[in-house]
Amino acid sequence: MKKLIFFAACLSFSAIAFAQNTIKPAEAGVTYGKTVTADNALNTEDLNKTLSADSVYTGKITGTVVEVCKKKGCFMKLSQTNGTPIMVQFTNYEYFMPQNIVGKTVVVEGKAKLKETSVERLKHYAADAGKAKEEIAMINTPKKDIAIMADGVLVIK
């Protein structure tokens, strides 16, 4: 009897842990993290203009997702017209993105700033994104770009 109760308890905890690790698929209207609305969001071009005058922007940014962390959705990247994607990470890793968010238009709310990313960190991101070892080995200079720490993400379409 004790074994049966122990087994049932373990099974219950496993089910709870598994349920917490599931991520809702990206569909229009789905929010991750803090609830976000689409009003007053800057596009990535306007964000660049704002950051050329100020070093930090706090608010909403809209863009198209071009990449997501393949391991567990711990980061995503938004496209820009200049071809350099914007790195988006999530406050305290409180939530993660589904793999099907690539190609979706989103609004992220949080803090954007210009930052320099070290070679070590760039290689880590490339490995998480599933890049080939040869491609990772070619990373040898730090990169200045926009980084966003998002409190919430809303899928628009």
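Before reading further, recall that the structure is shown in the block above.
This write-up is about the structure you can find in this document. Bear in mind that the values here come from a model prediction, so they are computed numbers and not experimental data.

Calculation notes
- All chains use their own residue numbering, which begins from 1 and follows the written sequence.
- Local features in this predicted model are restricted to residues whose pLDDT is 70 or higher, and side-chain atom pairs enter the listing and the counts only when it is 80 or higher, whereas totals over whole chains, interfaces and linings include all residues.
- Neither water nor hydrogens contribute to the side-chain values; these are computed over all heavy atoms in the structure.
- We call a set of buried residues a nonpolar core when its members are Ala, Val, Leu, Ile, Met, Phe, Trp, Tyr or Cys and they connect through side-chain atoms within 4.5 Å of each other.
- Think of it in three bands: residues with accessible area under 20% of the maximum for their type are buried, residues over 50% are exposed, and the middle band is partly exposed, with areas taken using a 1.4 Å probe on protein chains only.
- Helix numbers and strand numbers start at the N terminus; a helix is a DSSP run of H or I with at least 4 residues, a strand a run of E with at least 2.
- Contacts between residues were defined by any pair of non-hydrogen atoms, one from each residue, lying within 4.5 Å.
- Strands qualify as paired when DSSP identifies two bridges or more between them.

Formed by 25 residues in total, the largest nonpolar core has its most connected members in Met76, Ile101, Val108, Ile148 and Val153. Elements represented by at least two residues in this core include exactly helix H2 (44-53), strand S3 (56-68), strand S4 (75-78), strand S5 (86-90), strand S6 (105-117) and strand S7 (143-155). If one sorts the elements of this core by residue count, S7 sits on top with five residues. Beyond its immediate sequence surroundings of up to four residues, valine 108 is in contact with Gly59, Lys60, Ile61, Met76, Leu78, Val88, Ile148, Ala150, Gly152 and Val153. With six residues, the next largest nonpolar core counts Cys74, Phe75, Tyr125 and Ala129 among its residues.

Here S4 shows a buried face lined by Phe75 and Lys77 and a second buried face lined by Met76 and Leu78. Note that S3 and S4 share three bridges and pair antiparallel. Bridge pairing in S4 places valine 65 opposite leucine 78. Where S3 hands over to S4, the hairpin turn is made up of six residues, of which glycine 73 adopts a positive phi near 75 degrees. In the sheet, S4 pairs with S5 via four bridges, with the strands oriented antiparallel. Bridge pairing in S5 links phenylalanine 75 to glutamine 89.

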